[in-house]
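For reference, the chains in residue letters:
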Amino acid sequence: MTNRWLFAAALAALVIASGCSLNGSGSDALPDGPSQIIHEGDRARTFDTLGQLAATAKIVVRGEVIDVREGNPITFADGSGITVTPRLLLLDVQQVLMSRSGGNQSPTTLEVNDGYWQSGEGYAREGLPWAQPGDVGVFFLTQDRDRDLNLLPTYSLVDTAGRVLFENGHAEHATSPLWAAVGSSTTPDSARVAIDRAVQDARSGRAKPVTVTICRPSVRGDENSEPVCIEE
Amino acid sequence: MPMTRSFDEVNQTARALLPLPSVGLSTAAATALMLALSMILPASPAFAGHGAQANSGTPDDRNHYIDRNSLTAKSDSATVQGVSQLNRTVMNATFSGSGDVEVYDDYYGTGGDWQSVSGKVTCMGYTPLYTHCDLYLMQYNLTYVAGYSQSQADQVGCHELGHTAGLGHRTSATDTDNNSCMRSGLSTWRYFDQHDIDAVNSTN
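Residues numbered from 1 in each chain as written. Chains lettered and ligands numbered in written order. Predicted model: local features only at pLDDT ≥ 70, side-chain atom pairs only at ≥ 80, totals over all residues. Heavy atoms only, no water.

**Thoughts on the overall build of chain A**
Along chain A, the regular secondary structure elements total four helices and 13 strands. Counting all 232 residues of chain A, 47% fall into the buried class. Taking the intrachain contacts of chain A between residues at least 6 apart in sequence as the baseline, contacts between residues at least 24 apart amount to 64%. Accessible area of chain A: about 11,300 Å², with a carbon and sulfur share of 50%. (Helix = DSSP H or I, 4+ residues; strand = E, 2+ residues; numbered from the N terminus. Buried < 20%, exposed > 50% of the residue type's maximum accessible area, 1.4 Å probe, protein only. Contact = heavy atoms within 4.5 Å. Areas by Shrake-Rupley, 256 points an atom, 1.4 Å probe, with all protein chains shown as cover.)

Put into structure tokens, the structure is as follows:
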């Protein structure tokens, strides 16, 4: 117990010292790793199966993260004064497993939201460590919309269960009942089988999309104006 | 309705009371410090209790000052519903102050962590040993909530304020009678069940 205390105290002293000196350097560089968790919020829609997830996604792709970029800073218009900088993955699309976007051309790259920076700290979604260049995986994605429901060029996971990274013989994904149904420990092979089945179910119509009502203010910038809503 | 104050203004006031952030710890240092402290401190009840997922941490005390910042009528009513549920527990939630829970709403869109998310809570200021949360940010996403009935919005208010009392999510497996607002997903159930109340009372 004494050694444990000593080690902890030494570690704490070391990091306090290093933290002060780092801050003192005045560096504006955003951190490479997250220090805060974005806790899972109350969801407007939930999924019972991976097939529903695939059917709801606009596009399901297998790809490799080839770069991480800073998105344009967003200042919330809610009066909080908070500004976040999206962390965007540049995804090299190796295979489109399913697409509802229409058209014949498949995207070669996609920009995918993966956490953000705020006040110099990195935020990662609960159960989803930041992906890094070189990571390869499957992504269930939907196209982002802004506050006025305009489509943006970026994409996001349709659900936290919608990302599987294949690393060192493991299949990494967020804890979710959707993956628990695959097995207590998901292997790359079992994940691929489950994803293929989900895509087949979505393509065949056996799995239906889970729609949600999304709204914008009828008067731009006035949150008290009547909402105009659509199903997505 | 109360006037909007900058969150940073509130945050700075709260942080002025906290010695650690004023030292200017880097995030890496703060994270490592938390790691070190976790070796010598008992596990926080916030993460040992009801639902580890989506748990924003237990509050620093039972007094909860809820600050509504220019909310729409729907979000305001939902917050009132959430406060009524908090006050069924040992928590003492009031609208007569600020500095514990700052509540905002807006059309945040569907990008990133807002995809399919109608409300969320983030701890923005910890107590000096990082064991409890001193200041929560609570947000309603009108992109979804504006299309909700008042009962559905009330469920979000109950759910998010439940997080500020240290509650995590319930699931079909842990809420078999489906009567807790802490289940995630569109619902009109806008109350804590007895399990929620017991969990808040045991961790605060």
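**A few points about the packing of helix 5 (residues 73–86) of chain B against helix 7 (residues 150–164) of chain B**
Residues and elements named next belong to chain B. At their nearest, the axes of helix 5 and helix 7 sit 7 Å apart, and the two run at 50° to each other. Classified by the interaxial angle, the pair formed by helix 5 and helix 7 is oblique. Once helix 5 is placed against helix 7, the crossing between them reads as right-handed. Touching Lys74, Ser77, Ala78, Thr79, Gln81, Gly82, Val83, Gln85 and Leu86 of helix 5 are Gln150, Ala153, Asp154, Gly157, Cys158, Leu161 and Thr164, all from helix 7. (Axes fitted to C-alpha atoms, helices over the stretch in contact; angles between N-to-C directions. Parallel < 35°, antiparallel > 145°, perpendicular 65-115°, else oblique. Left-handed = near helix turned anticlockwise from the far one by under 90°.)

**Here we look at the environment of His173(A)**
All names here are of chain A. Checked against the element boundaries, histidine 173 lands in the loop between strand 11 (170–172) and helix 3 (177–180). Take histidine 173: its relative accessible area is 23%, and that puts it in the partly exposed class. In this structure the C-alpha to C-alpha distance between histidine 173 and glycine 137, which are 36 residues apart in sequence, comes to 9.8 Å. Those residues in contact with histidine 173 that sit more than four places away from it in its chain are Gly127, Arg163, Val164, Trp179 and Thr186. Here threonine 186 takes part through its side chain, which lies 2.7 Å from a polar atom of the side chain of histidine 173. (Polar contact = N/O pair within 3.5 Å; in protein donor to acceptor, adjacent residues only side chain to side chain.)

**Considering the state of the cysteines**
Taken as a whole, this structure holds three disulfides over all chains when the rule is applied. With a sulfur-sulfur separation of 2.1 Å, Cys215(A) is cross-linked through a disulfide to Cys229(A). Of note, the bridge from Cys215(A) to Cys229(A) carries an S-S torsion of about 100° and is right-handed in sense. Within this pair, whereas Cys215(A) is found in strand 12 (residues 213–217), its partner Cys229(A) is found in strand 13 (residues 227–231), the two being separated by 14 residues in sequence. Exposure remark for Cys229(A): the relative accessible area of 34% places this residue in the partly exposed category. Here Cys123(B) engages in a disulfide with Cys133(B); their sulfurs sit 2.2 Å apart. Disulfide Cys123(B)-Cys133(B): the torsion about the S-S bond is 105°, which places it as right-handed. Taken together, the residues Cys123(B) in strand 4 (residues 117–126) and Cys133(B) in strand 5 (residues 133–141) connect sequence positions ten residues apart. Using a relative accessible area of 0% as the deciding quantity, one classes Cys133(B) as buried. In chain B, the bonded cysteines, taken in the order they occur along the sequence, pair up as 1-2, 3-4. (Disulfide = S-S within 2.5 Å.)

**Some details on the layout of surface pockets**
For the second largest pocket, the calculated volume is near 780 Å³. As for the second largest pocket, its lining consists of 26 residues, and the residues nearest its centre are Thr46(A), Phe47(A), Pro177(A), Thr171(B) and Ser184(B). Its residues assigned to classes, the lining of the second largest pocket shows six nonpolar, 13 polar and seven charged. (1 Å grid on protein atoms, 1.4 Å probe; cavity = no way out; pocket = protein on both sides within 12 Å on 5 of 7 lines; lining within 4 Å. Points joined across faces, edges and corners; volume = space filled by probe spheres on them. Nonpolar A, V, L, I, M, F, W, Y, C, P; charged D, E, K, R; others polar.)

**A closer look at the environment of Ser187(B)**
All names here are of chain B. Note that serine 187 resides in the loop between helix 7 and helix 8 (194–203). A residue is classified by how much of its surface remains accessible, and serine 187, at 23% relative accessible area, is partly exposed. The spacing of serine 187 and glycine 57 is 130 residues in sequence and 24 Å in space, taken between C-alpha atoms. Among residues more than four places away in sequence, those in contact with serine 187 are Ser151, Gln152 and Gln155. Within the local environment of serine 187, its side chain forms a polar contact with the backbone nitrogen of tryptophan 189, the two atoms lying 2.8 Å apart.

**Structural notes on helix 4 (residues 188–204) of chain A**
Quick reminder: α-helices carry 3.6 residues per turn. Residues three or four places apart thus point the same way. Residue and element names in this part refer to chain A. Compared with the 24 Å implied by 1.5 Å per residue over 17 residues, the 24 Å span of helix 4 between its first and last C-alpha is a close match. Packed against the buried residues of helix 4 are helix 2 (50–56), strand 5 (83–99), strand 8 (136–145), strand 10 (163–167), strand 11 and helix 3. Phi turns positive, to about 90°, at glycine 205, one or two residues after helix 4. (Expected span 1.5 Å × (residues − 1).)

**Description of the nonpolar core**
Membership of the largest hydrophobic core comes to 38 residues, with the highest contact counts inside it found for Ile66(B), Leu86(B), Val101(B), Val103(B), Met138(B), Leu161(B) and Phe192(B). Mapped by element, the contributors of at least two residues to this core are strand 12 of chain A together with helix 5, strand 3 (101–106), strand 4, strand 5, helix 6 (142–145), helix 7 and helix 8 of chain B. For Val103(B), the residues in contact, after removing those within four places along its chain, are Ile66(B), Asp67(B), Arg68(B), Asn69(B), Leu71(B), Thr79(B), Met138(B) and Tyr140(B). Judged by nonpolar contacts, the second largest core, of 26 residues, contains Val60(A), Phe140(A), Ile195(A) and Ala207(A). (Core = buried A, V, L, I, M, F, W, Y, C linked by side-chain atoms within 4.5 Å.)

**As for unusual backbone geometry**
All names here are of chain A. A positive phi is found at leucine 149, a non-glycine position, where the angle reads about 65°. The residue asparagine 168 is not glycine, and still its phi comes out positive at about 50°. Examined against the element boundaries, asparagine 168 turns out to sit in the loop between strand 10 and strand 11. In this structure asparagine 168 comes out as exposed when scored by relative accessible area, which is 77%.

**Some remarks on the sheet that holds strand 3 of chain B**
One open sheet holds the six strands; their spatial order is 2(A)-4(B)-5(B)-3(B)-1(B)-2(B), and the pairing between them is mixed. If you trace the sheet from one side to the other, it starts and ends with strand 2 (42–43) of chain A together with strand 2 (92–94) of chain B, each paired once. Of the strand pairs in this sheet, strand 4 of chain B and strand 5 of chain B are connected by seven bridges, and their pairing is antiparallel. The residue of strand 5 of chain B that forms the bridge with Cys123(B) is Tyr136(B). Contacting strand 2 of chain A together with strand 1 (63–68), strand 3, strand 4 and strand 5 of chain B, helix 7 of chain B crosses the sheet at an angle of about 160° to strand 5 of chain B. (Pairing = 2+ DSSP bridges.)

Keep in mind these values describe shape, not function.
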